[in-house]
Amino acid sequence: ILTQSTAWMAALEVIAAKKDVIQALWKADQFSEVLVTGCGSTYYLSQAVAPLLQQQLGVRAHAVPASELLFFPTTVVLPGSNPLLLAISRSGHTTETIRATQAFKKQYNGPVITIGCYPEAELVGLSDLALIIDEGQEQSVVQTRSFSAMLVAAQAAIALAHEPQFEHMQTLPLLGEQLIAAYHDLAQRLGGDKQIERFYFLGSGLQYGLASEVNLKMKEMSLSVSEAFHFMEFRHGPMSMVNEHTLVVGLLSDEARDHELTVLREMRALGGQTLALSEQDVPTTDVDFAVSFNSGLLAANRGVLYLPFLQLMGYYRARANGQTPDSPHNLTAVVVL
Ligand code: F1P
């Protein structure tokens, strides 16, 4: 977790090296929609990438778990559609992702792009374009540096559609290091606080997939009660779970920031502790704890900055619970169908 910014730098280099082919792909207009798929963490990564593709490239894009694409393709793709598949897998060996990709090629014959961390993986052999970040490889079953490196790669590839954005992203590795140095103590304090028994991660728009992923980190590393919601949805029922043993974490957007802060203030009034992560500073009159990026980057290019602090919080929670964060209960690095 602490050294992941070196993997972000490597991800930016991988994308820069494939610049021409990626830009040609975005310009080619060869597909009518993009399916983004993966399993577990890489499904959540798909949830983070699909809205970005749609917003930045103006193409219909949606995320789907690989198993849904494999077993229920007619619920996912319209007849006559001309889709591109973006298959994301750290290992490149997860059976559902492999089989969904094979079925996709057979049925739709569209282009396949893969993002992963292992160049020899089976999925790479099924792809027209493979974006492989070796530097994202990790020992841990739980995806942390691999996830953020693959996210940087996806965001950078999309940013190439508007090249100055790609150039601005070069500041990310340093920003990541500064963020970890500035907020490591707070992550340790909140992760180690045994008064907190439930964690809720709220994020909307580009942030929903990231909220889902950090919720998974907390759950799988520390075996804590943890859920993710679209920000405003939390008020439609789930907030009944808030009490003094709850931490509500808001991944603030630019677009709905005022409404999202209102939700956090309401949860605080109900007795919950609140934490906001945001590009701009958040006054602690609004929330109990705040993490600010001050990156100067557009929302489309800075999503990865939400991750290191929350991964660290999960790590410290795991330690406080006596769990080994690298080897969670019941999990293996590659799930076989
Ligand atoms: C997918 C995945 C991981 C999860 C665990 C089991 O792996 O579900 O997200 O954390 O390691 O496998 P991959 O297809 O991205 O390698």
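Parameters at a glance
Residues numbered from 1 in each chain as written. Predicted model: local features only at pLDDT ≥ 70, side-chain atom pairs only at ≥ 80, totals over all residues. Buried ≥ 20, exposed ≤ 12 C-beta atoms within 10 Å, placed from the backbone. Helix = DSSP H or I, 4+ residues; strand = E, 2+ residues; numbered from the N terminus. Pairing = 2+ DSSP bridges. Right-handed = clockwise from strand over helix to strand, strands pointing away. UniProt positions renumbered as here; feature names shortened; annotations may be inferred. Axes fitted to C-alpha atoms, helices over the stretch in contact; angles between N-to-C directions. Parallel < 35°, antiparallel > 145°, perpendicular 65-115°, else oblique. Left-handed = near helix turned anticlockwise from the far one by under 90°. Contact = placed C-beta atoms within 7 Å. Nonpolar A, V, L, I, M, F, W, Y, C, P; charged D, E, K, R; others polar. Expected span 1.5 Å × (residues − 1).

Engineer: Teacher, can you tell me more about the pairing of strand β4 (residues 112-116) here?
Structural biologist: Across the five residues of β4, five count as buried, placing the element largely inside the fold. Relative to β4, strand β3 (residues 83-88) runs parallel, the two being bridged by four bridges. Bridging across to β4, Ala87 finds its partner in Thr114. In this fold, β3 hands off to helix α5 (residues 95-108), which returns the chain to β4; that crossover is right-handed. Here β4 pairs with strand β5 (residues 129-132) via four bridges, running parallel. Considered in β5, the bridge of Gly116 is made with Ile132.

Engineer: What am I meant to see in the UniProt feature "domain: SIS" (unreviewed entry) in the chain here?
Structural biologist: Using the residue numbers shown here, the UniProt feature "domain: SIS" (unreviewed entry) corresponds to residues 21-167 and 186-328. Along residues 21-167 the backbone is 47% helical and 18% strand, and the end-to-end C-alpha distance reaches 17 Å. Taken end to end, residues 186-328 is 34% helix and 19% strand, and its two terminal C-alpha atoms sit 24 Å from one another.

Engineer: How should the packing of helix α1 (residues 4-17) against helix α7 (residues 145-159) be read in this particular structure?
Structural biologist: Angle between the axes and distance between the axes: these two values describe a pair of packed helices. Between α1 and α7, whose axes approach to 8 Å, the crossing angle comes to 30°. Considered as vectors, α1 and α7 are oriented roughly parallel to each other. Crossing of α1 against α7: the hand is right-handed. Where α1 approaches α7, its residues Gln4, Ala7, Trp8, Ala10, Ala11, Leu12, Val14 and Ile15 are matched on the opposing element by Arg145, Ser148, Ala149, Val152, Ala153, Ala156 and Ala157. A breakdown of the residues in the contact of α1 with α7 according to their chemical character gives 12 nonpolar, two polar and one charged.

Engineer: Is there a simple way to think about the sheet that holds strand β9 (residues 273-278) in this case?
Structural biologist: Strand pairing within a sheet occurs via backbone hydrogen bonds; the two strands may be parallel or antiparallel. Judged by pairing direction, the sheet is parallel, and its five strands sit side by side in the order β7-β6-β8-β9-β10 without closing on themselves. In this open sheet, the two strands that pair with only one neighbour each are β7 (225-229) and β10 (289-292). Neighbour-to-neighbour, the strand axes of this sheet turn through a mean angle of 15°, independent of strand direction. As paired elements, strand β6 (residues 198-203) and β7 share five bridges and run parallel to each other. What sits directly across from Tyr200, in β7, is Glu227. Against the sheet, helix α10 (residues 208-222) touches β6, β7 and β8 (246-251), its axis set at about 165° to β6.

Engineer: What am I meant to see in α5 here?
Structural biologist: For an α-helix, the turn length of 3.6 residues means that residues three or four places apart are oriented alike. Over its 14 residues, α5 runs 19 Å from end to end, which matches the ideal 20 Å to within 8%, given 1.5 Å per residue. Within α5, burial applies to Glu96, Thr97, Ile98, Ala100, Thr101 and Phe104. Those residues of α5 hidden inside the fold are in contact with β1 (33-38), α4 (66-71), β3, β4 and α6 (122-125). In the stretch just after α5, Asn109 is the one whose phi turns positive, near 55°.

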